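The residues making up each chain are set out below.
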Amino acid sequence: MSGTGFAAEDLVVPAYGFDIRATPGLQTAYVQRLLGDLERLGARFVVWWGVRDYDEGYAFLREHGFDDPALLIWKDVGLEDGAGRPRPAFEVWKAWRARPPRP
């Protein structure tokens, strides 16, 4: 099994040389493409890596001395932001999940 995700906020991780533009709109486009591709492939399910951004968890870990730059890579991939507000991609996700099950 594997999971996927796409950041809705810019991904900047100097330790790895990452400076990648990301927005809620780009995340929505990714989800639309992903789900369309999965539909064409006849996939039965998909795993989104993190439903909600883990801003609070990231802050907690940093406060307790765990400051690995790798944590930033997935911090903002939630279909909900760190405060739990749904992003536009979440509506696309919910619509896909609401479809009748495939035979």
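You'll find the structure just up there.
Here's a quick rundown of the structure. (Residues numbered from 1 in each chain as written. Predicted model: local features only at pLDDT ≥ 70, side-chain atom pairs only at ≥ 80, totals over all residues. Heavy atoms only, no water.)

Considering the overall build of the chain
And then number 1: Helix and strand counts for the chain come out as three helices and two strands.
And then number 2: Along its sequence from the N terminus, the chain presents helices and strands in the succession β-β-α-α-α.
And then number 3: Taking the principal axes of the C-alpha coordinates as reference, the chain spans close to 50 × 25 × 25 Å.
And then number 4: Every one of the 103 residues in the chain was classed for burial, and the buried ones make up 33%.
And then number 5: Partitioning the contacts of the chain with sequence separation of at least 6, the portion at a separation of at least 24 is 65%.
And then number 6: For the chain, the accessible area works out to roughly 6700 Å², and carbon and sulfur atoms hold 58% of it.
And then number 7: The positive charge centre, built from 13 side chains, and the negative charge centre, built from 15, are 10 Å apart in the chain. (Helix = DSSP H or I, 4+ residues; strand = E, 2+ residues; numbered from the N terminus. Buried < 20%, exposed > 50% of the residue type's maximum accessible area, 1.4 Å probe, protein only. Contact = heavy atoms within 4.5 Å. Areas by Shrake-Rupley, 256 points an atom, 1.4 Å probe, with all protein chains shown as cover. Lys, Arg positive; Asp, Glu negative; His and termini not counted. Charge placed at Lys NZ, Arg CZ, Asp CG, Glu CD.)

Some words on the nonpolar core
And then number 1: Val 31, Leu 34, Leu 35, Leu 38, Ala 43, Val 46, Trp 48, Leu 79, Ala 89, Phe 90, Trp 93 and Trp 96 together form the largest nonpolar core, which totals twelve residues.
And then number 2: Elements represented by at least two residues in this core include exactly helix 1 (24-41) and helix 3 (88-97).
And then number 3: Apart from the residues within four sequence positions on either side, Leu 35 is in contact with Val 46, Val 92, Trp 93 and Trp 96. (Core = buried A, V, L, I, M, F, W, Y, C linked by side-chain atoms within 4.5 Å.)

Here's the deal with the side chain of Asp 53
And then number 1: Along the chain, Asp 53 falls in the loop between helix 1 and helix 2 (55-63).
And then number 2: Among the residues examined, Asp 53 registers a relative accessible area of 5% and is labelled buried.
And then number 3: Within the structure, the side chain of Asp 53 is placed 2.7 Å from the backbone nitrogen of Gly 78, a separation counted as a polar contact.
And then number 4: Excluding anything up to four places from it in sequence, Asp 53 contacts Glu 9, Lys 75, Asp 76, Val 77, Gly 78, Glu 80, Asp 81, Gly 82 and Arg 87. (Polar contact = N/O pair within 3.5 Å; in protein donor to acceptor, adjacent residues only side chain to side chain.)

Section: the environment of Tyr 54
And then number 1: Relative to the assigned elements, Tyr 54 resides in the loop between helix 1 and helix 2.
And then number 2: Sequence-wise, Tyr 54 and Ala 83 are 29 residues apart; in three dimensions their C-alpha atoms are separated by 9.2 Å.
And then number 3: Ignoring sequence-local partners within four residues, the contact set of Tyr 54 consists of Trp 49, Leu 71, Leu 72, Trp 74 and Lys 75.

Describing the packing of aromatic side chains
And then number 1: Scanning the model with the defined rule gives six aromatic pairs in all.
And then number 2: Seen in terms of ring centroids, Phe 6 and Tyr 30 are 5.0 Å apart; in terms of plane orientation they differ by 25°. Their pairing is stacked. One end of the pair, Phe 6, is in the segment before strand 1 (11-13); the other, Tyr 30, is in helix 1, and 24 residues separate them in sequence.
And then number 3: With relative accessibility at 25%, the residue Tyr 30 sits in the partly exposed group.
And then number 4: Cluster of aromatic residues (ring-pair linked, three or more members): Phe 6, Tyr 30, Trp 48 and Trp 93.
And then number 5: Over the face of the ring belonging to Phe 90 we find Lys 94, whose NZ or CZ atom lies 5.1 Å from the ring centre. (Phe/Tyr/Trp six-rings, centres within 6.5 Å; stacked < 30°, edge-to-face > 60°. Lys NZ or Arg CZ within 6 Å of the ring centre and 35° of its normal.)

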